[in-house]
Amino acid sequence: MVAPLKRRAELNPVKVGLLGLGTVGCGTVDVLSRNAEEIARRAGRGIRVTTAAARDTGRRRPCDTSGLVITNDPFRVVDDHGVQIVVELIGGSDLALELVLRAIDNGKHVVTANKALIARHGNEIFARAREKGVMVAFEAAVAGGIPIIKAIREGLAGNTIHWLAGIINGTGNFILTGMRDKGRDFGEVLGEAQRLGYAEADPTFDVEGIDAAHKLTILASIAFGIPLQFERVYTEGITNITPDDVAYAGELGYRIKHLGIARRREDGIELRVHPTLIPQRRLIANVDGVMNAVLVNADAVGPTLYYGAGAGADPTASAVVADLVDVVRVLTSDPENRVPHLAFQPDAISDLPILGMEDVETAYYLRLRAKDRPGVLAEVTRILGDLQISIEAIIQKEPERGAPDATIIMLTYRVIERRMNAAIGRIEDLDSITRPVERIRLETLG
Ligand code: HSE
């Protein structure tokens, strides 16, 4: 007989221990309790948080923690015999790694939202989890509430994935959007993102692209079946983007987005995070504010776009709880027959190399400052022509009143970065060029 719905959540619930009771921890407690019956209908059993570790056990929290044993010793949670699944939400790499490995050694399944942990130590964690026959689920580590891991790992399992490009840091997107819409400067918008709680503990992780590089590492691994290789990601932040660049890009029909791009080529894989001009007619160019989106181009399905909240208590908890449900559903299944952690069978991981940035092929936006005199443009275009770099558009801005220099904006067609570096070097050597050339890469994402 089917148990009445009201009681299903209480029937032999799976016991969960939380590491961290901050924004996402409280969100997880909230979602589990708010949707207890729906979750139990899906998982087949209830899921109950029994214990949690928090730095400050006495703090008032925005969630109902009655019934939870709260400790300030996280090792008590991972060593708790009653706990079957440990949810790691403390962030960072060192302590989190120690706790997660100990939980695995204790035979517990792990759910984590920690992108730095998975990107940097995932290969070791998954190997240990396989030895112990436990699951490590990490949907919340990439793009918050968007089920992008599941979409790529399971939904697109029939495809060869060509490339993916994502806005995978909400703080960076919030800043670029604020600069474009309100003409505000970088620092001002960053301050607002911090006040709203989107930014990482160290906001340089957001604005320098490190957070996005962690997430891209994970996406590339499950898209292409390669090991996690965070140290091989080319990473460039958004701190050099000026309101002028944002405006010039707009005049040319583009928006500047901070993208993580992973592209499979015959000779290797491009793995890069940098500001990127993209045509404003693309859907992903219109993903604004703190929202995230990932565009995946695969052979059978073509392009698919995944959009949603990339941070915040409830959206991230949505991903954590989905992982909990997944783990509960397979608790009794044969470990050999589960979905592999990194989508591909461990003995089928490819050793395709990650290409150096000089070998990447992309188009460019160039901003030059030049003396306003005859022949300058001809000198610049000759250098580009000599290096077989084709120009797609040029605009020249008159010098501002009293200023000696003119600004020249150029868009080029695709070229190998090594050749563009050579061109920029030669252009900067020209006597008529008065400042270093600013370059922003451009992708049509077609
Ligand atoms: N700091 C991150 C962001 C939070 O801004 O996207 C979610 O990983």
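Bear in mind the structure is a predicted one, so any value in this text is a computation, not a measurement. (Residues numbered from 1 in each chain as written. Predicted model: local features only at pLDDT ≥ 70, side-chain atom pairs only at ≥ 80, totals over all residues. Heavy atoms only, no water.)

Asks: Explain the site of the ligand here, please?
Replies: Neighbouring the ligand are Lys115, Asn169, Gly170, Thr171, Tyr198, Ala199, Glu200, Asp206, Asp211, Lys215, Gly310 and Ala311. Glutamate 200 is positioned with one of its side-chain polar atoms (N or O) 2.6 Å from a nitrogen atom of the ligand. Contact between the ligand and lysine 215: an oxygen atom at 2.8 Å from a side-chain N or O atom of the residue. Look at the ligand: alone it shows 260 Å² of surface, and the protein chains cover 91% of it. Secondary-structure elements contributing two or more residues to the shell around the ligand are α8 (170-182) and α11 (210-224). Looking at the shell around the ligand, its residues break down into three nonpolar, four polar and five charged. (Near = heavy atom within 4 Å. Polar contact = N/O pair within 3.5 Å; in protein donor to acceptor, adjacent residues only side chain to side chain. Areas by Shrake-Rupley, 256 points an atom, 1.4 Å probe, with all protein chains shown as cover. Helix = DSSP H or I, 4+ residues; strand = E, 2+ residues; numbered from the N terminus. Nonpolar A, V, L, I, M, F, W, Y, C, P; charged D, E, K, R; others polar.)

Asks: In this structure, what is going on with the packing of helix α6 (residues 115-132) against α11? I would like to understand it.
Replies: The relative placement of two packed helices is expressed as an angle between their axes plus a distance between the axes. Close contact between α6 and α11 brings their axes to 8 Å; oriented N to C, the two are set at 55°. In terms of axis orientation, α6 runs oblique to α11. Note on packing geometry: the crossing formed by α6 with α11 is left-handed. Residue-level inspection shows Lys115, Ala116, Ile118, Ala119 and Arg120 of α6 in contact with α11, the latter providing Ile210, Asp211, His214, Lys215, Thr217 and Ile218. (Axes fitted to C-alpha atoms, helices over the stretch in contact; angles between N-to-C directions. Parallel < 35°, antiparallel > 145°, perpendicular 65-115°, else oblique. Left-handed = near helix turned anticlockwise from the far one by under 90°. Contact = heavy atoms within 4.5 Å.)

Asks: Please clarify how the state of the cysteines should be interpreted in this entry.
Replies: Under the definition given, this model contains one disulfide. The disulfide partner of cysteine 26 is cysteine 63, and the S-S distance across this bridge is 2.0 Å. Handedness here is read from the sign of the S-S torsion; for cysteine 26 and cysteine 63, about -60°, the answer is left-handed. Of the two residues, cysteine 26 sits in helix α2 (residues 23-34) while cysteine 63 sits in the loop between β2 (47-53) and β3 (69-71), which places them 37 residues apart along the sequence. (Disulfide = S-S within 2.5 Å.)

Asks: Looking at this structure, I do not really get the domain arrangement of the protein. What am I missing?
Replies: When the parts of a complex come together, some accessible area is lost, and that lost area is often used as the size of the interface. The domains assigned to the protein are domain 1 (2-137), domain 2 (148-310) and domain 3 (360-442). Domain 1 and domain 2 are separated by 29 Å when their C-alpha centres are compared. Residue-level contacts link eight residues of domain 1 with 10 residues of domain 2. Summing both sides of the interface, domain 1 and domain 2 together bury roughly 770 Å²; the carbon and sulfur share of this comes to 63%. Considering only the surface of domain 1 that becomes buried against domain 2, Lys115, Ala119 and Arg120 emerge as the three largest contributors, covering 66% of it. At the junction of domain 1 and domain 2, the tally comes to four residue pairs in polar contact (both at pLDDT 80 or more). For the side of domain 1 that touches domain 2, the class distribution of residues is four nonpolar, two polar and two charged. (Domains from an automatic or database assignment. Buried area = accessible area lost by both parts, 1.4 Å probe.)

Asks: Looking at this model, I keep getting lost on the packing of helix α14 (residues 376-386) against helix α15 (residues 417-429). Mind explaining?
Replies: Axis separation between α14 and α15 bottoms out at 10 Å; the angle between their running directions is 155°. Considered as vectors, α14 and α15 are oriented roughly antiparallel to each other. Here α14 runs over α15; the crossing is right-handed. Of the residues in α15, those touching α14 at Val380, Ile383, Leu384 and Asp386 are Ala423, Arg426 and Ile427. Looking at side-chain class alone, the contact of α14 with α15 contains five nonpolar, no polar and two charged residues.

Asks: I'm lost on the side chain of asparagine 169 in this one. Help?
Replies: As for its position among the elements, asparagine 169 is in the loop between β7 (161-167) and α8. With relative accessibility at 5%, the residue asparagine 169 sits in the buried group. A distance of 2.6 Å separates a polar atom in the side chain of asparagine 169 from a polar atom in the side chain of aspartate 206. Among all residues touching asparagine 169, those that are not within four sequence positions of it are Asp206, Asp211, Ala212, Lys215 and Asn292. (Buried < 20%, exposed > 50% of the residue type's maximum accessible area, 1.4 Å probe, protein only.)

Asks: Please explain the side chain of arginine 184 as it appears in this structure.
Replies: Here arginine 184 shows up in the loop between α8 and α9 (186-195). Separated by 3.2 Å, the side chains of arginine 184 and glutamate 188 make a polar contact. Side-chain polar atoms of arginine 184 contact the side chain of glutamate 192, separated by 2.9 Å. Other than its neighbours up to four places away in sequence, arginine 184 contacts Gly178, Met179, Val189 and Glu192.

Asks: When you look at the environment of lysine 371 in this model, what are you seeing that I'm missing?
Replies: Looking at where lysine 371 falls in the secondary structure, it is placed in strand β13 (residues 361-371). Taking the C-alpha atoms as reference, lysine 371 lies 34 Å from glycine 356; in sequence the two are 15 residues apart.

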